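Spelled out, the chains give:
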Amino acid sequence: MLDSLLGGSGILGTSPEMLALFVGFGLVVGVLFGFFGMGGSFLVTPALLMLDYPAPVAVGSGMAFVFGTAVIATLKHHDLGQVDYKLGVIMITGTTIGIEVGRASVYYLESLGLAGGIISVAYVVLLGGVGAMVTRDALGGDGGDRIDHEAADKDLSEYEIPDIAKTIQRTVRIPPMVTLRGDIRVSAWVITAVAFATGLLSGFLGVGGGFIRMPAMIYAIGVPVPVAVGTDLFEIVFSGGLGSYLYGQGGGVDLGIVAPLLLGSALGARVGSAATAVVDADGIKIYFGGMLLVGAVAVGVGEVGSYVGSPALELLGLVLVVGAAVVVALAILYTALSSLRVTHRQQTSAAD
Amino acid sequence: MAGLEIPTWDPETAVLIGAILLESIVLYVGYGSLERLFGPYLMELLVGGETNAR
């Protein structure tokens, strides 16, 4: 038991060592979330699983962390006018049902003693799949259609609707049809289906689901990228809040985990967000993809360690997942500082 | 716990989720204020001038 190595009495039932670990890990996750706009949070649940927290606590606390992070990020995106409240409200129903189905599945699998293993396998597939996709994009030199840091500076009408979204808008015309920002007209059922599928993933894995929901909003609904980002976060506030409440009722939300994680991540997100102004995201994306792939391997190693009862393998898995995130966060900070210093030197030379 | 549930009112859980919501808002406002107060000083310390960060 890894947590017995670090355990003991402390604040909110968590030992000072674990509190420090969570604040530090939150800081790292925050830098990643602030910089890439997605992805940091889905390292939390696997890390908690590797620390031997029960699956409902790992997923429930991960979801409560996502809820808190989404509140903070939505406040910022609201100020930038990047939230489509109508789309968000329509999505809430589908997401809520999806989350509840996902949550019920976790408790059902837990009652069979299979939850930790199946969730870990799902994470290996998910992290590996998304990691491979991001790495392929980065190696191909294609920024893809992921978050564009200059998105805030472009007008919504400048965004082209992907062909697949146009096809869906033309073919699926089941009433009621709704008009969204950017004059997009789409069936409410398409929105609900996207919301349900991503809600299911959120409820099952304790993730915000943004890395699936945002591409789904862009490709299936045709929402402009910045609106997809802002609306996704707005929607996570409600779905994550409800999911956390449901998990909390079952004792699945541990404030001793969530509070220190948020303390670190809120600060890290500011640093990561500020770094986007001076660092080329495409240059770092390959590290991000690599981090997800290492994360997938780490979860696999940790699960094998748990299966064969090897604390050393469990520790290796934890070190890998935390280490990969730390390396990418440090790469972002180092690149940002180097870039700022170069700019400073150039400006000083020009002034001279 | 297995099976779908309609959420029922649970004051203890509501306080727990409320505490997370409150912490998030306090952190957003608090870190924002700290950034305004100490951001320029920190940038000065790191790269030698706040203007270079913009």
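Worth saying up front: this structure is predicted, and the values here are computed from it rather than measured.

A.B. asks: How do you make sense of the packing of aromatic side chains when you look at a structure like this?
C.D. replies: Between two aromatic rings, the relevant description is the distance of the centres plus the angle of the planes. Residues and elements named next belong to chain A. Following the criterion strictly, the structure yields 3 aromatic pairs over all chains and no others. Summarising the aromatic geometry, the rings of Tyr85 and Phe234 are spaced 4.8 Å apart at their centres and angled 80 degrees between planes, so their arrangement reads as edge-to-face. In this pair, Tyr85 is assigned in helix α5 (residues 85-111) and Phe234 in helix α10 (residues 225-249), connecting sequence segments 149 residues apart. Given a relative accessible area of 35%, Tyr85 falls into the partly exposed group. Given a relative accessible area of 10%, Phe234 falls into the buried group. Through a chain of ring-to-ring contacts, the aromatic side chains of Tyr85, Phe234 and Phe238 assemble into a single cluster.

A.B. asks: Where do I start with the side chain of Ser24(B) in this structure?
C.D. replies: Within the fold, Ser24(B) resides in helix α1 (residues 11-47). At 3.4 Å, the side chain of Ser24(B) and the backbone oxygen of Gly68(A) are in polar contact. The contacts of Ser24(B), once residues within four sequence positions are left out, are Gly68(A), Val71(A), Ile72(A) and Leu262(A).

A.B. asks: Is there a simple way to think about the nonpolar core in this case?
C.D. replies: Within soluble globular proteins, side chains that are nonpolar generally end up buried alongside one another. Leu32(A), Ile119(A) and Met291(A) are the most contacted members of the largest nonpolar core, which totals 73 residues. Listed in part, the 25 residues of the second largest apolar core include Phe33(A), Leu87(A), Ile221(A) and Val225(A).

A.B. asks: Explain the interface of chain A and chain B to me, please; I cannot follow it from the model alone.
C.D. replies: Much of the literature gives interface size as the accessible area that the parts lose upon coming together. On the side of chain B, 29 residues touch chain A, which itself brings 38 residues to the contact. Looking at the side of chain A facing chain B, the largest losses of area belong to Tyr245(A), Gln249(A) and Arg270(A), adding up to 21% of the total buried there. There are 1 salt bridge connecting chain A and chain B. Between Glu35(B) and Arg270(A) there is a salt bridge, with the nearest N and O atoms lying 2.9 Å from each other. The residue inventory of the side of chain A that touches chain B, partitioned by class, reads 23 nonpolar, 9 polar and 6 charged.

A.B. asks: Would you mind going over empty space enclosed by the protein with me for this structure?
C.D. replies: Space left empty within the atom packing is revealed by a probe, the size of a water molecule, rolled over the atoms. Residues and elements named next belong to chain A. In total, this model carries 3 cavities of 30 Å³ or more according to the counting rule given. By volume, the second largest cavity is sized at about 60 Å³. Taken together, Leu21, Phe22, Phe25, Val44, Ala47, Leu48, Leu51, Leu318 and Val322 form the lining of the second largest cavity. Mapped onto the lining of the second largest cavity, the elements with two or more residues apiece are α2 (16-36), α3 (44-50) and α13 (311-351). Of the residues assigned to the lining of the second largest cavity, the class counts are 9 nonpolar, no polar and no charged.

The rules behind these values
Residues numbered from 1 in each chain as written. Chains lettered and ligands numbered in written order. Predicted model: local features only at pLDDT ≥ 70, side-chain atom pairs only at ≥ 80, totals over all residues. Heavy atoms only, no water. Phe/Tyr/Trp six-rings, centres within 6.5 Å; stacked < 30°, edge-to-face > 60°. Helix = DSSP H or I, 4+ residues; strand = E, 2+ residues; numbered from the N terminus. Buried < 20%, exposed > 50% of the residue type's maximum accessible area, 1.4 Å probe, protein only. Polar contact = N/O pair within 3.5 Å; in protein donor to acceptor, adjacent residues only side chain to side chain. Contact = heavy atoms within 4.5 Å. Core = buried A, V, L, I, M, F, W, Y, C linked by side-chain atoms within 4.5 Å. Buried area = accessible area lost by both parts, 1.4 Å probe. Salt bridge = Lys/Arg side-chain N within 4 Å of Asp/Glu carboxyl O. Nonpolar A, V, L, I, M, F, W, Y, C, P; charged D, E, K, R; others polar. 1 Å grid on protein atoms, 1.4 Å probe; cavity = no way out; pocket = protein on both sides within 12 Å on 5 of 7 lines; lining within 4 Å. Points joined across faces, edges and corners; volume = space filled by probe spheres on them.

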